[in-house]
Amino acid sequence: MPQPFLHELVSCVHAPAVALSDRDGQIRPGGVQGVLLNDRRALSTLLVDVNGVEPTPVGHALHDAGTARFVGVARDLGDPGADSTVRVERERRAVPDGIEEDLTLVNAARTAVECTVRVRAGSDLAAMDDVRRGGRPGLAPLTAAGSGTCAWAGEDVRVTLLAADGDSADSGPGAGAGERTPVTYETDAEGHAVFAWRVRLPARTRWSTTLRLTVERVASAAGSADTVTATSAFLPAADGPDWSEVEVSGPAELVRLVDRSVEDLAALALADPMAPDDVFLAAGSPWFFTLFGRDSLWAARLTLPLGTDLARGTLHTLARRQGTRFDPDTAEAPGKILHEVRQDTLAVGGPGGLPPLYFGTIDATALWISLLHDAWRWGMPAAEVAELLDPLEAALGWLTGEADADGDGFLEYIDESGHGLANQGWKDSNDSIQFPDGTIADPSIALSEAQAYAHEAAIGGAALLEAFGRPGADRLRDWAEAMRERFRTTFWVSDRRGSFPAIALDGAKRPVGTATSNLGHLLGTGLLNPEESARVAARMAESDLDSGYGLRTMSADAAGFNPLGYHSGSVWPHDTAIGMLGLSRAGHHRVAASLAFGLLRTAPDFAYRLPELFAGTDAHAGDAVLAYPASCRPQAWSAAASVVMLTAALGLEPDVPGGTLRVAPAADFAEWWPLRVSGLRVAGHPLTVAVDATGRVEVQTSAPVKVETRNV
């Protein structure tokens, strides 16, 4: 069955829980709707009716990442006439172990109303993988039931739904408590639990009750529920990253995007069960409430201007699970950083699916090293960096050794297990590496950005080893220089629009000469010289890649281009943001600004919650913004894109170990001026940056750095 669509659902998130519903607030069986937590669907049905009729929806709003309000009308109740006078209001709040929901009946009529309010609930306890594949398992049997309570239980989870008696009150100022309405209980023919309240509501009054869904982990036949291991996917909620409140004064669209994005990032925070003080970001909702190497690392790296605590937690959490042995089944190797942790085998890849602890990623190890280096530059305390030097050396060992399986000097991958991912870069779908004629490249695959990440990691790793008195820096720099020369002579290709590095080399070492968004990942890594960077920036600026809404994953000129293709023409906000950041670091601010403005142009279409990806339609031709229907929202690295916009617009370049912070906004971002951002941090100290309408810069910080500013 096809993967269910998500784009029209309302999502309330407080990791590791998410509630997905229709826009009227109803959670209907089928598809992906429900309350999901710890890779289980805890609730698959939650339907409200009044006198057996569902309310007619009139609106909804997402107040914050985890709270939504739904309003409907009971058209058969209240005063006669065209105007509806009885409203049904629902406020749903996601909490780490389930949801809370206030259900309110508001009588604005001139006379009393009498009615029966019912809530019908059911749980299928479906595994996340079954939900994602569109499965429709039957209802789980109720294990407990009675007035005001019901429960369902599986092998490792218990779900309890509590319904309170209802309270009536005057709806005006100074309202007081009125009658209590007892809740009654029954089951329907399909096996749903049904709560009912017989309500008599005088004119101008309201009645309300509260539902509370709680999901608990329980002991299974395998052992205690309290057992915590590196492979545990029961990841607890965190209070959120230790960030200050970010306040932006500037274009209204940018302000709204940053506000929503920072809320979503905090709502995706999880803690390492092996060390609960270490916080990282789940990759996204609803499928990826877990530890992902690549996604969690990029999210922490892109949000470094908000503080280094998230980076520290992410680095430690992954280091605890760093590879220690060779295992072809899981793709583990000594020093390697993992791809993901799951509770169950995941039905992707080949037959049998991915194992719960899976290392099939070519890039997470290099990204781990670069996050440590960049966090150090942003002011992560030296003592915290020193704690990670041993895993750093192990990661560098894998990067400059086993990552090059055939000894040709490039990092490449091939799935040796037969059930892993065919592609092990960020574009991990089976058709993501295509020649211009649409032919799929054969493995092994050496991705262009994997070489860039490795080069950057080697240079950053050398700086760390040297600064902390460990040997090996010169060897790493020599290795990186050799990589630059090999890349220059092997990867470059051209098409009618210009020259650029191929997306990859295939198993026969042929360049896969399709222009893709991977180009943006090369910039700012040191792999390219200034002249090469200028050629890449020019190629990225062409209309086949820059859609006007962001950077397309694949050129519109390619035979395999599809604006709704997962990695073959869509736009991924994080991918655009990485390109934007690389362009800024390489000094190509005009192209960076074009991408930033395009991405911001789409934000209202997605209620300022940027999705995992969207269609690569053509803004230059007046095409509408289109959703990718199965896209996750919120997604950590998509939300982090808004922070990259601020970083690029303000021209932030920290070097805390060197004692400097450079702030150099580019005139290409003048469309956003005046711009003021507070709530940033450098070396643990508050940082506020303002650019006035003329381009004059003002910086406020108590950090122990020399601030170097450049007025435009």
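This is a predicted model, so every value here is computed, not measured. (Residues numbered from 1 in each chain as written. Predicted model: local features only at pLDDT ≥ 70, side-chain atom pairs only at ≥ 80, totals over all residues. Heavy atoms only, no water.)

Another point: the overall build of the chain. The secondary structure content of the chain amounts to 14 helices and 34 strands. Relative to the compact-globule value of 27 Å for 712 residues, the chain shows a C-alpha radius of gyration of 27 Å, a close match. Here the C-alpha coordinates of the chain stretch approximately 80 × 60 × 50 Å along the principal axes. For the chain, the proportion of its 712 residues judged to be buried stands at 59%. Expressed as a percentage of contacts within the chain between residues at least 6 apart in sequence, the contacts between residues at least 24 apart total 64%. (Helix = DSSP H or I, 4+ residues; strand = E, 2+ residues; numbered from the N terminus. Rg over C-alpha atoms; globule rule 2.2 N^0.38 Å. Buried < 20%, exposed > 50% of the residue type's maximum accessible area, 1.4 Å probe, protein only. Contact = heavy atoms within 4.5 Å.)

Here we take up the pattern of salt bridges. Tallying each qualifying case throughout the model produces 60 salt bridges. Of the charged contacts in the structure, one is a salt bridge between R470 and D390, with a shortest N-O distance of 2.8 Å. Residue R470 is found in the loop between α8 (448-467) and α9 (473-490), and its partner D390 is found in helix α7 (residues 389-399); the two are separated by 80 residues along the sequence. Given the relative accessible area of 26%, R470 is considered partly exposed. Connected through salt bridges with shared partners, the residues D495, R496, R497, R539, E542, D544 and D557 form a single ionic network. (Salt bridge = Lys/Arg side-chain N within 4 Å of Asp/Glu carboxyl O.)

Contact geometry of helix α3 (residues 293-302) with helix α5 (residues 364-377) gives a least axis separation of 9 Å together with a crossing angle of 20 degrees. Relative to α5, α3 is oriented roughly parallel. Helix-helix and strand crossings are classified by hand; for α3 and α5 the assignment is left-handed. Counting all contacts with α3, which are made through G293, R294, L297, W298, A300 and R301, the residues of α5 involved are A364, L367, W368, S370, L371 and D374. The residue inventory of the contact of α3 with α5, partitioned by class, reads seven nonpolar, two polar and three charged. (Axes fitted to C-alpha atoms, helices over the stretch in contact; angles between N-to-C directions. Parallel < 35°, antiparallel > 145°, perpendicular 65-115°, else oblique. Left-handed = near helix turned anticlockwise from the far one by under 90°. Nonpolar A, V, L, I, M, F, W, Y, C, P; charged D, E, K, R; others polar.)

With antiparallel pairing, four strands are arranged side by side in an open sheet as β1-β2-β3-β4. The open sheet has two free edges, formed respectively by β1 (10-14) and β4 (40-43), since each of these has just one partner strand. For this sheet, the mean angle separating the axes of adjacent strands, direction not counted, is 25 degrees. Relative to strand β3 (residues 34-37), strand β2 (residues 17-21) is paired through four bridges, and the arrangement is antiparallel. Looking at the pairing, V18 lines up with L36 of β3. (Pairing = 2+ DSSP bridges.)

Another aspect to go through is the side chain of E89. Take E89: it is sitting in strand β8 (residues 86-95). A polar contact is formed between the side chain of E89 and the side chain of R87, at a distance of 3.0 Å. Discounting chain neighbours no more than four positions away, the residues touching E89 are R69, F70, V71, D102, L103, T104, V106 and R206. (Polar contact = N/O pair within 3.5 Å; in protein donor to acceptor, adjacent residues only side chain to side chain.)

This paragraph deals with the environment of R488. Considering the arrangement of structural elements, one finds R488 in helix α9. Not counting the four nearest positions on each side in its chain, R488 is found in contact with L527, N529 and E532.

It is worth spelling out the pairing of β1 at this point. Burial runs high along β1: four of the five residues are buried. Pairing of β1 with β2 involves five bridges; the strand directions are antiparallel. Bridge pairing links S11 to L20 in β2. Count of turn residues in the β1/β2 antiparallel hairpin: two residues.

Now for the packing of aromatic side chains. Evaluated as defined, the whole model comprises 15 aromatic pairs. Ring geometry for Y185 and F195: centres 5.6 Å apart, planes at 55 degrees, overall tilted. Taken together, the residues Y185 in strand β16 (residues 183-187) and F195 in strand β17 (residues 193-201) connect sequence positions 10 residues apart. Residue class for F195 comes out buried when judged on its relative accessible area of 0%. With a centroid separation of 6.0 Å and 70 degrees between ring planes, the pair formed by W298 and Y453 is classed as edge-to-face. Linking W298 in helix α3 with Y453 in helix α8, this pair joins segments that are 155 residues apart in sequence. Residue Y453 is classed as buried on the basis of its relative accessible area of 3%. A cation over an aromatic ring shows up here: R486 above the ring of F410, its NZ or CZ 5.8 Å from the ring centre. One Lys or Arg, R535, reaches over the ring of W492 and ends 4.2 Å from the middle of that ring. (Phe/Tyr/Trp six-rings, centres within 6.5 Å; stacked < 30°, edge-to-face > 60°. Lys NZ or Arg CZ within 6 Å of the ring centre and 35° of its normal.)

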